[in-house]
Amino acid sequence: MKINLSELSIAKIRELLISGGFSARELVEIYHRQIKEKDKSISAYLEIFQDAYEQAEELDKRIKQGESPAELFGVPFAIKDNILIKDKKAGAASRILESYRASYDASAIKKLRAVGAVFLGRTNMDEFAMGSSCENSAFGPTKNPYDLERVPGGSSGGSAAAVASQMCLAALGSDTGGSVREPAAFCGIVGLKPTYGAVSRFGLIAMASSLDQIGPLAKNIDDAEEIFKVIKGRDPKDSTSADYEIKKCGAKPRVGVPKEFFSLKEKGKEGLDQGVAAAMNRAIEILRSLDCEIKEVSLPASEYALACYYIIMPAEVSSNLARYDGVRYGRRAEGKILEEIYAKTREEALGQEARRRVILGTYALSAGYYDAYYGRAQKARWLIRKDFEKAFKEADVLLSPTVATPAFKLGEKAVDPLAMYLSDIFTVPANLAGVPALSLPFGLAGEERKKLPIGLQLTAPWFYEGTLFEAGKLLEKNI
Amino acid sequence: MDIKKLSQLARIKLNKKEQESFSKDLESILGYIGKLKEAKIENAPELTHILAAENVFRLDEAPAEPFGNAAELLAAAPEKKKGFVKVKQVFNED
């Protein structure tokens, strides 16, 4: 049977497995072939798991025995290299964890496994999830499938590129300041950052614990929704995980457009790519034609979001990365005394951006600077959350671009850390406030020959992922 | 900003060249972060938990599912001895 990979979805796989159209094993074979053909030029994967065949054969056996397939039976996943899969290497694309093998499953992996997901391999990322382009990987960058001279976005760039080039059906990533949504936008797929606490962080290699969330990357909203429903839920192993029913608003959401990100009057905004502005205007027209109310809202403190983020995040990074000391895991440099081993191991095996952020965080947390930096940032974070509370009194969902531009060129921002940081300007506020946000592909921009995907971002109140899916589908269906 | 001191505190060795380039990068990042000084935060409390945090008690019992097995966790360490993680001496002799 011939399969068109771009038309496959979770529902379609289920249908075919039940009807006997093909087996889970055949599906793994097809994806492995695709990876072999495409990944030489894209470099999305760090490792391909050969035991995916065994996983699939086991599932086929169970179907033959009459078991009715669970939600994600036979669905081939790619997993970001910072999410632990028992007995597999997991290194957050860092040299310091090069030889580390996970001794347990992350809770999200356990949940996927329980409903029959198959793991094809682990994907490339910015080291310790620090970056917006995948160029900070210790193992070389991933390329954007739409244009190999451009970045796939980051930090979950490998996961996004793998989904976009049909090298897996769906993937998991993690989002601390936009690391699921930005690569999803750059690669033309759907990416969800759930409400903080929706998905357990147990088994996710921590970057900034008060911001990190695991989220799905998928080809369409239905698939992302299905995966989210599986991986969410309270976990005793993550004290910040929350227990809730997914909520949603009515059929015709009131859509707020934050004027700080896009002006309804000017139909654009300074610094916004023309193609991105055109996509926004089209989305607004579509929603209006469906009788959704469109209104201007304001998030005044978002002006400070990125500054706030670049204090809180490195502060948490500096303490989370303290465990990579050459004593507990993997790599160690030689030295006479302990302190020398720490300093040398971290010099040799942590990449430049990781070291830069550890040092920045150390500075922000050092004695005498608390009030000026960390304390001030925590207060600004409160203001940012307050803005969202206010905006959600007037609107059910917020619409903005995910990123101001389509994918940039490899190397374009690599020399200037601040320029790289600024690409997260629309995505960071949702992490600071803890609200869920979804990026969905909304057409292509650019010249005929090299058209690049554009992503639009929907943001909903805490626990209202259902609103994101409903509003997202209105756009997805009518684009 | 004393980059040497910071690299000591962070336990990350930096060579001369990197000390310079990091100082430059950090100055520019801190310049941007300085924006926060304009924020009107006088009446804002510090936000420490994004969702309303309540203390969650549990009974003082061993967890139903014990965590991993020690040998496997230990295996990840580069140097060990008799079931312990081995570290180098902490202090210089002189």
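Definitions and limits used
Residues numbered from 1 in each chain as written. Chains lettered and ligands numbered in written order. Predicted model: local features only at pLDDT ≥ 70, side-chain atom pairs only at ≥ 80, totals over all residues. Heavy atoms only, no water. Helix = DSSP H or I, 4+ residues; strand = E, 2+ residues; numbered from the N terminus. Rg over C-alpha atoms; globule rule 2.2 N^0.38 Å. Buried < 20%, exposed > 50% of the residue type's maximum accessible area, 1.4 Å probe, protein only. Areas by Shrake-Rupley, 256 points an atom, 1.4 Å probe, with all protein chains shown as cover. Pairing = 2+ DSSP bridges. Core = buried A, V, L, I, M, F, W, Y, C linked by side-chain atoms within 4.5 Å. Contact = heavy atoms within 4.5 Å. Expected span 1.5 Å × (residues − 1). Bend = angle between axes of the 7 residues up to and from the residue. Salt bridge = Lys/Arg side-chain N within 4 Å of Asp/Glu carboxyl O. Buried area = accessible area lost by both parts, 1.4 Å probe. Phe/Tyr/Trp six-rings, centres within 6.5 Å; stacked < 30°, edge-to-face > 60°. Lys NZ or Arg CZ within 6 Å of the ring centre and 35° of its normal.

Colleague: Now, about the overall build of chain B: what can you tell me, with residues and values included?
Modeller: Within chain B one finds three helices and two strands. Secondary structure of chain B in N-to-C order comes out as α-α-α-β-β. For 94 residues, the compact-globule estimate of 2.2 N^0.38 gives 12 Å, and chain B exceeds it by more than 25% at 23 Å. Once the C-alpha set of chain B is aligned to its principal axes, its extents read approximately 50 × 50 × 25 Å. In chain B, which comprises 94 residues, the share counted as buried stands at 26%. Counting only carbon and sulfur atoms, one obtains 55% of the accessible surface of chain B, whose full area is about 7300 Å².

Colleague: Tell me about the pairing of strand β4 (residues 170–175) of chain A, and please be specific about residues and values.
Modeller: Residue and element names in this part refer to chain A. The buried fraction of β4 amounts to six of the six residues, a majority that puts the element mostly inside the structure. Here β4 shows no split at all, with A170, L172 and S174 on one side and A171, G173 and D175 on the other all buried. The pairing of strand β2 (residues 76–80) with β4 spans three bridges and is classified as parallel. Counterpart to F77 in the pairing with β4 is A170. With six bridges joining them, β4 and strand β6 (residues 213–218) adopt antiparallel strand pairing. Bridge pairing in β6 places A171 opposite L217.

Colleague: Summarise the nonpolar core; cite the residues concerned and give the values.
Modeller: All names here are of chain A. L8, L72, F77, L112, F128, L172 and L399 are the most contacted members of the largest nonpolar core, which has 183 residues in total. Per element, the largest residue contribution to this core is 11 residues, and it comes from helix α9 (residues 305–320). If sequence neighbours within four positions are ignored, L72 has contacts with I10, F77, L112, V115, G116, A117, E226, I227 and V230. Within the second largest apolar cluster, seven residues are counted, among which are A185, F186, A407 and F408.

Colleague: Tell me about the environment of E394 of chain A, and please be specific about residues and values.
Modeller: Residues and elements named next belong to chain A. If you trace the backbone, E394 turns up in helix α12 (residues 371–394). With 85 residues separating them in the primary sequence, E394 and I479 have C-alpha atoms 25 Å apart. Apart from residues no more than four positions distant in its own chain, E394 is found in contact with R254, K295, E296 and V297.

Colleague: Hey, could you go over helix α2 (residues 24–42) of chain A for me, with residue numbers and the actual values?
Modeller: Residues and elements named next belong to chain A. Given a rise of 1.5 Å per residue, 19 residues ought to cover 27 Å, and the 25 Å separating the end C-alpha atoms of α2 matches this to within 8%. Taken as a whole, α2 carries its principal kink of about 35° at K36. Here α2 has its buried residues at A24, L27, V28, I30, Y31, H32, Q34, I35, D39 and I42. Backbone geometry just downstream of α2 places S43 in the positive-phi region, at approximately 60°.

Colleague: Explain the pattern of salt bridges to me, and be specific about the residues and the numbers.
Modeller: All names here are of chain A. This model, assessed by the stated rule, comprises 33 salt bridges over all chains. We note a salt bridge from K473 to E225, for which the minimum N-O separation is 2.6 Å. Separated by 248 residues along the polypeptide, K473 in helix α15 (residues 465–478) and E225 in helix α7 (residues 221–231) bring together distant segments of the chain. With respect to class, K473 is no different from E225; both count as buried. Note that K248 and E470 form a salt bridge whose closest N and O atoms lie 3.7 Å from each other. Residue K248 is located in the loop between α7 and β7 (255–258), and its partner E470 is located in helix α15; the two are separated by 222 residues in the primary sequence. When salt bridges with common partners are traced through the structure, they connect R25, E29, R33 and E57 into a single cluster.

Colleague: Describe the interface of chain A and chain B, with residues and values.
Modeller: Of the residues lining the interface, 66 residues belong to chain A; the matching set on chain B comes to 51 residues. Regarding the contact of chain A and chain B, the summed buried area is about 5400 Å², with carbon and sulfur atoms giving 67% of it. Where chain A packs against chain B, one counts five salt bridges. Between R355 of chain A and E18 of chain B there is a salt bridge whose closest N-O contact spans 2.9 Å.

Colleague: Requested: an account of the packing of aromatic side chains, with residues and values cited.
Modeller: Residue and element names in this part refer to chain A. Taken as a whole and assessed by the stated rule, the structure comprises 16 aromatic pairs over all chains. On the numbers, 5.5 Å between centres and 90° between planes, the contact of Y100 with Y329 is edge-to-face. Residue Y100 is located in the loop between β2 and α4 (107–114), and its partner Y329 is located in the loop between α9 and α10 (338–349); the two are separated by 229 residues in the primary sequence. The partly exposed category is assigned to Y329, whose relative accessible area is 24%. An aromatic cluster is built from Y100, F128, Y324 and Y329, whose rings are joined through pairwise contacts. Lying over the aromatic face of Y244, K232 brings its terminal NZ or CZ to 4.5 Å of the ring centre. Positioned above the aromatic ring of F408 is the side chain of K413, whose terminal nitrogen or guanidinium carbon lies 4.4 Å from the ring centre.

Remember that the coordinates give geometry; whether it matters functionally is a separate question.
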